[in-house]
Amino acid sequence: MATTPWFSTSDSCWLRPQHVLPLLGHGPQVLGDGRLQTTIREELAAAAAEVAPGPGTTKPGEHALLLATHEDLALTHPGMAAAVEPALVGLGPEGYVTTTHAGTDLLTAADARGLLHGFYALLRDGLAVFDGSTRREEPTCPVRMVNQWDNLSADAPMGSVERGYSGDSIFYADGAVVQDRRRVKDYARLLASVGINALSLNNVNVHGPETRLMTDHVQDVADLARTFADHGIATYLSINYAAPIEIGGLGTADPLDPQVRQWWVQASEALFAQVPDLGGYLVKADSENRPGPFTYGRTHADGANMLAEALRPHGGTVFWRCFVYDCRQDWRDRRTDRARAAYDHFMPLDGEFADNVVLQVKNGPMDFQVREPVSPLLGGLERTNVVMELQIAQEYTGQQKHACYLAPQWKQVLDFDTRSADPRAPSGAAVRDVVAGRTFARPVAGVAAVSNIGDDVYWTGHPWAQANLYAYGRLAWDPASDPDDLLHRWSRLTYPDLPDVQRAVVDILAGSWLTYERYTSPLGVGWMVEPGHHYGPSIEGYEYSAWGTYHFADRDGVGVDRTVATGTGYTGQYREPWASVYESVDRCPDELLLFFHHVPYGHELASGRTVIQHIYDTHFQGVEEVQAMVARWEQVADQVDGALAERVSGRLAEQLRSAREWRDQVNTYFRRASGVDDARGRTIY
Ligand code: GCU
């Protein structure tokens, strides 16, 4: 594959040299010699090498374009600096201002981070912002993080990237850190271009080799962190809670043991001395066989606060995950319902965490299913810093073989008001307010998400899975964004000269999340996937098979009773009005009915259909929608280059095969279980 000075891989992506052309045409001048200003200059030069004879030629009659922090501006253009100063008052370090002053279009910011964000905004949106007005822009979520689930070696239990569907890691190979860093730099550019400001460098499941990132590979970690810092991104390490034992030679990892505490203080000191761009640690403890404070009879607050204390002198932060449950337990039992676990573990600790600890809460109580209710911890925790964790990687949503644009799902989560069911009476506690830190005036808040990239030429396996990475960044910046609008923008940026392709891709992706839901698990019941790898249908598939199914289907009905009255009591974890809404079989929204209730097949939904007829109808409809997606793509496929067309067509063919398999297995299973025929007489095998 031909590589270019612009990208070390295919440039079929939203960040393209063409988008720099309008800036180049205005002879952009970048003031200052900081690392982020250098990055902007490099970006301009790389584009110029690709698409223009050279930067610096202003067309007659057009404004010059100046990019400068306010401080640099004041040195050379004091008049302009004074004029723009009021617009910067109260703007955070990542915010920026665009304005026009005496014939110069100006992008300025208090901090170079804001300047970089503003620069990439000009690439995305063009120069129309310079319309004579002054605009201020800044991110809503302070933390906008991606989590790599990359392992040092492909021999790791789940391969080189856990739940990775895009080839191998761009960071590690054969137990070592990859030395050719071009791909890493390109990734830093991609992330910066959508406003990401934090990244964790290795899988949350930290095994032996990754534990040694802190010691044996520390220089490489420093280099990687520098590349990200050059793009305004802080780097975090996933750490092994038992590191004091595994690499420290201690006999314990008890968080209250003075020796253990001292070990973390010294290890952190050594790390920060060599990796000045480090942001802190990400921790998965006491979950899925990972070590943690429970072993010593201590709480998660004890564990997290110990690390926080070690990081404090360096300004570091601990991200402590709430994905904690006992995977060896049958979690459908009243006392051990896995949906309850995160809240049961963490809610009693609200207020006990240090101010440089952030709890990282998955969006739903289970595990990134196509449909889940919002975690009751979001909006529950009031005296604790919180970030919400999403999964860009499509573990349960088609593994980047299926086209599934997830932004509409994320948007629904962000818009969920934890204390009001009335959209006209917002309580200020919608998830988007919580992750902005607004609801409870938290100093740290935001979102994190499991990345979906690898060393694939198109980054994401399915080239259209890039839309999810793009949209994640933009929603994290502004949760009020409209997913449809983001999709249009992504498509225009990715296929700049191909309007037919742009339209077709939007048509295909816009409803693809709901399409995926239709042909897979209905009404919020979740799972029904092959255990282990989680791809494709296995209606009774259950990770711990001895205990039966996830969905409790029998000849009379289906669904999990999570009510307080007769079920696992999970509905009681919600604030009102949701505790009552979910408790009531009549008020519970259709799309979550089987998550909260066990109902007869003949139960009538709010839609007027019975549960069983809903299952049949949606599964037939889902496959028809995938057929339409395939046909829509065929109308335009010959307009893109052959390799790209082949990749997309191949994935769509697999999606159609898989959707049919899902339809047939689900419909047949429930036809046999219920004994009820399809009211519309379609063939069910
Ligand atoms: C899911 C996923 C695991 C992952 C875990 C986590 O269960 O299947 O691979 O380790 O989430 O978020 O920690």
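Residue numbering note: each chain is counted from 1, following its sequence as written. For this predicted model, a pLDDT threshold of at least 70 governs which residues receive local features, and a threshold of 80 or more governs which side-chain atom pairs are given and counted, while totals over whole chains, interfaces and linings are taken from all residues. For side-chain calculations, the full set of non-hydrogen atoms in the structure is used, while hydrogens and water are omitted.

Caption draft 1: Focus on the overall build of the protein chain. Summing up its helical and strand segments, the protein chain has 22 helices and 17 strands in all. Its C-alpha atoms put the protein chain at 80 × 65 × 55 Å along the principal axes. Residues classed as buried in the protein chain amount to 62% of the 685 residues present. Intrachain contacts of the protein chain at a sequence separation of at least 6 include 72% that bridge at least 24 residues. Counting from the N terminus, the helices are the DSSP runs of H or I reaching at least four residues and the strands are the DSSP runs of E reaching at least two. The cut-offs for exposure are 20% and 50% of the maximum accessible area for each residue type, with area from a 1.4 Å probe on protein chains only; residues under the lower value are buried, those over the upper are exposed, and the others partly exposed. Residue contacts are defined here by distance: any two heavy atoms, one from each residue, within 4.5 Å place the two residues in contact.

Caption draft 2: How the structure looks around the pattern of salt bridges. The working definition used for a salt bridge is a side-chain nitrogen of Lys or Arg within 4 Å of a carboxyl oxygen of Asp or Glu. Inspection of the entire model under this criterion finds 45 salt bridges. Ionic pairing is found between Asp 216 and Arg 212, a salt bridge with its closest N-O pair at 3.0 Å. We note a salt bridge from Arg 663 to Asp 664, for which the minimum N-O separation is 2.9 Å. Look at Arg 663 and you get buried, because its relative accessible area is 17%. One network of salt bridges, with partners in common, ties together Arg 181, Asp 220, Asp 223 and Arg 226.

Caption draft 3: Broad picture of unusual backbone geometry. The peptide bond linking Glu 576 to Pro 577 adopts the cis configuration, its omega dihedral lying at 10 degrees. If you trace the backbone, Pro 577 turns up in the loop between β16 (557–558) and α19 (578–583). Positive phi outside glycine occurs at Gln 399, with the angle close to 50 degrees. Topologically, Gln 399 is positioned in the loop between β14 (385–391) and α13 (407–415). Phi is positive for Gln 400, which is not a glycine, with a value near 60 degrees.

Caption draft 4: Representation of the UniProt feature "active site" (unreviewed entry) in the protein chain within the structure. If you check UniProt for "active site" (unreviewed entry), the listed places come out as Glu 288, Asp 367 and Glu 395 in our numbering. Looking at Glu 288, the relative accessible area reads 26%, which means it is partly exposed. With residues near it in sequence (within four places) discarded, Glu 288 still touches Phe 323, Tyr 325 and Cys 327. Side-chain atoms alone can form a polar contact between residues adjacent in sequence; in general such a contact is a pair of N or O atoms within 3.5 Å, and within protein one must be able to donate a hydrogen while the other accepts it. Engagement of the side chain of Glu 288 in a polar contact is seen with the side chain of Lys 284, the distance being 2.7 Å. Checked against the element boundaries, Glu 395 lands in the loop between β14 and α13. Relative accessible area serves as the criterion here: at 3%, Glu 395 is assigned to the buried category. Within polar-contact distance, the side chain of Glu 395 engages the side chain of Gln 391 at 2.9 Å. UniProt positions are given in the numbering used here, feature names are shortened, and annotations may be inferred rather than shown by experiment.

Caption draft 5: Spatial organisation of the site of the ligand. For the ligand, the set of nearby residues contains 13 residues, the closest of which are Glu 162, Lys 284, Arg 321, Asp 367 and Glu 395. Arg 163 is positioned with one of its side-chain polar atoms (N or O) 2.9 Å from an oxygen atom of the ligand. In the model, an oxygen atom of the ligand is placed 3.2 Å from a nitrogen or oxygen of the Glu 288 side chain. Here, Shrake-Rupley sampling with a 1.4 Å probe gives the accessible areas, and only protein chains in the shown set may cover a residue. Across the complex, the protein chains shield 97% of the 310 Å² of accessible surface that the ligand would expose by itself. One heavy atom suffices: a residue is near a molecule or strand as soon as one of its heavy atoms comes within 4 Å of it.

Caption draft 6: Highlighting the side chain of Thr 384. Within the secondary structure, Thr 384 sits in the loop between β13 (357–362) and β14. Only 2.5 Å separates the side chain of Thr 384 from the side chain of Asp 350, close enough to count as a polar contact. A distance of 3.2 Å separates a polar atom in the side chain of Thr 384 from the backbone nitrogen of Gly 351. Setting aside residues up to four positions removed in sequence, Thr 384 forms contacts with Asp 350, Gly 351, Phe 353, Leu 359 and Arg 442.

Caption draft 7: Local environment of the sheet that holds strand β10 (residues 234–239). Only strands that DSSP links by at least two bridges are regarded as paired with each other. Ordered in space as β6-β9-β10-β11-β12-β13-β14-β15, the 8 strands form a closed barrel in which the pairing is parallel. Neighbour-to-neighbour, the strand axes of this sheet turn through a mean angle of 25 degrees, independent of strand direction. Judged from the 5 bridges that link them, strand β6 (residues 143–147) and strand β15 (residues 445–450) form a sheet pairing that is parallel. In the strand pairing of β15, Val 143 is matched with Gly 446. Every axis in this analysis is a line fitted to C-alpha atoms, fitted for helices over the stretch in contact. Angles between the N-to-C directions lie between 0 and 180 degrees.

Caption draft 8: Seen up close, the sheet that holds strand β2 (residues 64–69). Ordered in space as β1-β2-β4-β3-β5, the 5 strands form an open sheet in which the pairing is mixed. Whereas interior strands pair on both sides, the edge strands pair on one side only; in this sheet they are β1 (29–30) and β5 (135–137). Sheet analysis places β2 next to strand β4 (residues 104–109), joined by 6 bridges and oriented parallel. Each residue of the ladder has a partner; that of Leu 65, found in β4, is Asp 105.

Caption draft 9: Expanded view of the packing of helix α10 (residues 258–274) against helix α11 (residues 300–311). The N-to-C vectors of α10 and α11 enclose an angle of 40 degrees; their axes lie 8 Å apart at closest approach. In terms of orientation, α10 lies oblique with respect to α11. In this structure, the crossing between α10 and α11 has a hand that is right-handed. Between α10 and α11, the contacting residues are Val 260, Arg 261, Trp 264, Val 265, Ser 268 and Phe 272 on the first element and Met 306, Leu 307, Glu 309, Ala 310 and Leu 311 on the second. Residues are grouped as follows: Ala, Val, Leu, Ile, Met, Phe, Trp, Tyr, Cys and Pro are nonpolar; Asp, Glu, Lys and Arg are charged; all remaining types, including Gly, are polar. Residue composition of the contact of α10 with α11, grouped by class: 8 nonpolar, 1 polar and 2 charged. Here roughly perpendicular refers to angles of 65 to 115 degrees, roughly parallel to angles under 35, roughly antiparallel to angles over 145, and oblique to all remaining angles. With the far helix as reference, a near helix turned anticlockwise by less than a right angle produces a left-handed crossing, and one turned clockwise produces a right-handed crossing.

Caption draft 10: Quick peek at the domain arrangement of the protein chain. Domain assignment breaks the protein chain into domain 1 (17–137), domain 2 (143–494) and domain 3 (516–560 + 598–674). Distance from the C-alpha centre of domain 2 to the C-alpha centre of domain 3: 29 Å. Taken together, the contact pairs 30 residues of domain 2 with 32 residues of domain 3. In total, about 2700 Å² of surface goes out of reach between domain 2 and domain 3, with carbon and sulfur atoms giving 58% of it. Note that the domain bounds reflect an automated or database-derived domain assignment. Two parts placed together each lose some accessible area; with a 1.4 Å probe, that loss summed over both constitutes the buried area.

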